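Residue strings, one per chain:
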Amino acid sequence: MAIDKTTLAILACPKCKGKLTYYADKGELVCRGERLAYPIDENIPVLIADKARELSSEELEEVPS
């Protein structure tokens, strides 16, 4: 599943309202500021902070800019 640029431009992190980055390798949307990865379930981004997982520094470095 791919998130198109138009959709990605309007999505924001529910915690900090910051920009999200699509991490295609893991199928997640990443907030660098909060160091959270939001899952995509059945092609629908799950932008619920309690459903996100915390990213390690190493994982955060792997996420494309």
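All of the points below concern the structure found in this document. (Residues numbered from 1 in each chain as written. Predicted model: local features only at pLDDT ≥ 70, side-chain atom pairs only at ≥ 80, totals over all residues. Heavy atoms only, no water.)

**Some points on a negative patch on the surface**
Judged by side-chain charge, Asp25, Glu58, Glu61 and Glu62 come together as a negatively charged surface patch. Here Glu62 lies in helix α2 (residues 57–62). With a relative accessible area of 48%, Glu62 lands in the partly exposed category. (Patch = residues over 30% accessible without salt bridge, like charges linked within 9 Å, V, L, I, M, F, W, Y side chains within 5 Å. Areas by Shrake-Rupley, 256 points an atom, 1.4 Å probe, with all protein chains shown as cover. Salt bridge = Lys/Arg side-chain N within 4 Å of Asp/Glu carboxyl O. Lys, Arg positive; Asp, Glu negative; His and termini not counted. Charge placed at Lys NZ, Arg CZ, Asp CG, Glu CD. Helix = DSSP H or I, 4+ residues; strand = E, 2+ residues; numbered from the N terminus. Buried < 20%, exposed > 50% of the residue type's maximum accessible area, 1.4 Å probe, protein only.)

**With respect to the pairing of strand β2 (residues 28–31)**
Both faces of β2 are covered, namely the face carrying Glu28 and Val30 and the face carrying Leu29 and Cys31. Pairing geometry for strand β1 (residues 21–23) and β2, over three bridges, is antiparallel. If you follow Thr21 over to β2, its bridge partner there is Val30. Between the end of β1 and the start of β2, which pair antiparallel, lie four residues, with Gly27 showing a positive phi angle near 65°. Summarising the sheet, β2 and strand β3 (residues 36–41) pair through four bridges and their orientation is antiparallel. Its bridge partner being in β3, Val30 is matched across the sheet by Ala37. Counted along the chain from β2 to the antiparallel partner β3, the turn is four residues long, and its residue Arg35 has a positive phi close to 60°. (Pairing = 2+ DSSP bridges.)

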